[in-house]
Amino acid sequence: AGPFPAVVVSHGKGGAASGYGAQIATVMRGWGMVAIATNYSHGSDSVGELPPATDGASPGNLQRARKALALLRCVPAVDLTRIAAHGHSMGAMVTTGLAATAPGQLRAASHTAGGVDDTGAEPAAPTSALAAAIDAPYQLHHGDADTVVPIALDRALAALLAAGQVDSAFVAYPGYSHSAIPLDSTMLARVRTWYQDHGVLP
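Residues numbered from 1 in each chain as written. Predicted model: local features only at pLDDT ≥ 70, side-chain atom pairs only at ≥ 80, totals over all residues. Heavy atoms only, no water.

## Focus on the overall build of the protein chain
Regarding its fold elements, the protein chain presents six helices and six strands. Secondary structure of the protein chain in N-to-C order comes out as β-α-β-α-β-α-β-α-β-α-β-α. Its C-alpha atoms give the protein chain a radius of gyration of 15 Å, within 12% of the compact-globule value 17 Å for 202 residues. Referenced to the eigenvectors of the C-alpha coordinate spread, the extents of the protein chain come out at roughly 45 × 40 × 30 Å. In the protein chain, which comprises 202 residues, the proportion classed as buried is 53%. Accessible area of the protein chain: about 8300 Å², with a carbon and sulfur share of 57%. (Helix = DSSP H or I, 4+ residues; strand = E, 2+ residues; numbered from the N terminus. Rg over C-alpha atoms; globule rule 2.2 N^0.38 Å. Buried < 20%, exposed > 50% of the residue type's maximum accessible area, 1.4 Å probe, protein only. Areas by Shrake-Rupley, 256 points an atom, 1.4 Å probe, with all protein chains shown as cover.)

## A look at the side chain of R82
Structurally, R82 is set in strand β3 (residues 78-88). There is a polar contact of 2.8 Å between the side chain of R82 and the side chain of D79. A distance of 3.2 Å separates a polar side-chain atom of R82 from the backbone oxygen of V200. Contact partners of R82, with chain neighbours within four places excluded, come to P3, F4, P5, A6, R107, G199, V200 and P202. (Polar contact = N/O pair within 3.5 Å; in protein donor to acceptor, adjacent residues only side chain to side chain. Contact = heavy atoms within 4.5 Å.)

## Describing the side chain of T95
With respect to the helices and strands, the residue T95 is situated in helix α3 (residues 90-101). Residue classification places T95 among the buried positions, given a relative accessible area of 0%. One polar contact links the side chain of T95 to the main-chain amide nitrogen of G87, over a distance of 3.3 Å.

## Topic: the pairing of strand β2 (residues 34-37)
Bridge count between strand β1 (residues 4-10) and β2: four bridges; the pairing is parallel. Across the sheet, A6 pairs through a bridge with V34, a residue of β2. Crossover connection from β1 via helix α1 (residues 17-29) to parallel β2: handedness right-handed. (Pairing = 2+ DSSP bridges. Right-handed = clockwise from strand over helix to strand, strands pointing away.)

## Observations regarding the packing of aromatic side chains
Scanning the model with the defined rule gives two aromatic pairs in all. Consider the rings of W31 and Y195, whose centres lie 6.2 Å apart with planes at 75 degrees: the pair is edge-to-face. Taken as a pair, W31 in the loop between α1 and β2 and Y195 in helix α6 (residues 185-197) lie far apart in primary sequence, 164 residues in all. We classify W31 as buried; its relative accessible area is 13%. Y195 sits in the buried class, given a relative accessible area of 0%. (Phe/Tyr/Trp six-rings, centres within 6.5 Å; stacked < 30°, edge-to-face > 60°.)

## Describing the sheet that holds strand β4 (residues 108-112)
Here we have six strands laid out as an open sheet, ordered β2-β1-β3-β4-β5-β6, and parallel in their pairing. Taken across any chain shown, the strands that pair with only one partner, and hence form the sheet edges, are β2 and β6 (168-173). With strand direction ignored, the average angle separating the axes of adjacent strands in the sheet is 15 degrees. Across six bridges, strand β5 (residues 138-143) lies against β6 in parallel orientation. Bridged to H141 within β6 is V171. Lying on the sheet, α3 is in contact with β1, β3, β4 and β5; it crosses β3 at an angle near 140 degrees. Across the sheet, helix α5 (residues 151-163) lies against β4, β5 and β6, angled at about 160 degrees from β5, the strand it touches most. (Axes fitted to C-alpha atoms, helices over the stretch in contact; angles between N-to-C directions.)

Here you go:
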């Protein structure tokens, strides 16, 4: 009967709500959470879906993420004071954008293999100017052997959060590649503890 905490889950490049979203949702449901996931423009199942968007933290994808967040209000069993967000890769970039554009609505956020970029080298990544609006406690995870999303992007986001005095934690995983991190049990255990420490989970 609830009320239950909830999480918005965001998939990476080539993923889908029915793939990565469902995998993470299954884990977090086991923690006692309600989960919602949608398809983004960088996914495998997004052809023809609206609003149109480019990859990652684009305006259209952030609209999709905010709509998913808003739809949690339609679930009577959800405790709207205990909502989190989590994503991987381009979904991590969406998660950062969601946290920045939905101030006061997330109790905590977390991601794997994301970050910010102001050079234009990674157009899917949010800029520092956007991420500076984040007010939710944020935990970042990144493998130091990641050749898809450079760990420097998450180091930049971690420094930005620290400079803004946002409660945050950055965890580097020695030897982890891009594909090794998204469902790693150690990472997920740390996310669960982060949610517990910040009142999302009891």
